[in-house]
Amino acid sequence: MTGLRLAKLPDRTPARLTISITPELHRRLQDYAAAYAESYGVEEPVTELVPAMLAGFLDADRSFARRKK
């Protein structure tokens, strides 16, 4: 026990996941990345935005959250 207020950080080793998406979804994701850059003044690649989008989707899914409990 260290007495530190901050607990040991969890494993942050990224897990690699490869998926195939439709051309339409790819265009929509690129459009979203463009809107993100316009809104925040920072260009982020789709590959950086998708994990945050998925996490937000899962966090907002109340049915899924109830199921986890």
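Provided above is the structure to which this section pertains.
First, a word on what this report is: a plain description of the structure on this page.

Criteria and thresholds
- Residues numbered from 1 in each chain as written.
- Predicted model: local features only at pLDDT ≥ 70, side-chain atom pairs only at ≥ 80, totals over all residues.
- Heavy atoms only, no water.
- Helix = DSSP H or I, 4+ residues; strand = E, 2+ residues; numbered from the N terminus.
- Salt bridge = Lys/Arg side-chain N within 4 Å of Asp/Glu carboxyl O.
- Buried < 20%, exposed > 50% of the residue type's maximum accessible area, 1.4 Å probe, protein only.
- 1 Å grid on protein atoms, 1.4 Å probe; cavity = no way out; pocket = protein on both sides within 12 Å on 5 of 7 lines; lining within 4 Å.
- Points joined across faces, edges and corners; volume = space filled by probe spheres on them.
- Nonpolar A, V, L, I, M, F, W, Y, C, P; charged D, E, K, R; others polar.
- Expected span 1.5 Å × (residues − 1).
- Arc of directions from axis to C-beta.
- Contact = heavy atoms within 4.5 Å.

1. Observations regarding the environment of Thr47
- With respect to the element layout, Thr47 can be found in helix α2 (residues 46-60).
- In this structure, the C-alpha to C-alpha distance between Thr47 and Ala33, residues 14 residues apart in sequence, is 9.7 Å.

2. Some details on the pattern of salt bridges
- Tallied over the full model, the rule gives 1 salt bridge.
- Put simply, Arg27 and Glu24 hold a salt bridge, and the shortest N to O gap is 3.2 Å. Within this pair, Arg27 and its partner Glu24 are both found in helix α1 (residues 23-40), separated by 3 residues, close to a single helical turn.
- For Glu24, a relative accessible area of 41% translates into the label partly exposed.

3. Considering the layout of surface pockets
- The volume enclosed by the largest pocket comes to roughly 610 Å³.
- Around the largest pocket, the lining comprises 16 residues; the ones closest to its centre are Leu17, Ile19, Thr47, Val50 and Pro51.
- Among the elements that make up the lining of the largest pocket, the one with the highest residue count is α2 (6 residues).
- Among the residues making up the lining of the largest pocket, the classes are represented as 12 nonpolar, 3 polar and 1 charged.

4. Notes on α1
- Helix length check: α1 (18 residues) gives 26 Å between terminal C-alpha atoms against 26 Å at 1.5 Å per residue, within 8%.
- Among the residues of α1, those classed as buried are Leu29, Ala33 and Ala37. Looking down the long axis of α1, one finds its buried residues gathered within 85° of arc, a one-sided arrangement. More than 90 degrees from the buried face of α1, the exposed residues found are Arg28, Asp31, Glu38 and Ser39.
- On its buried face, α1 is in contact with α2.

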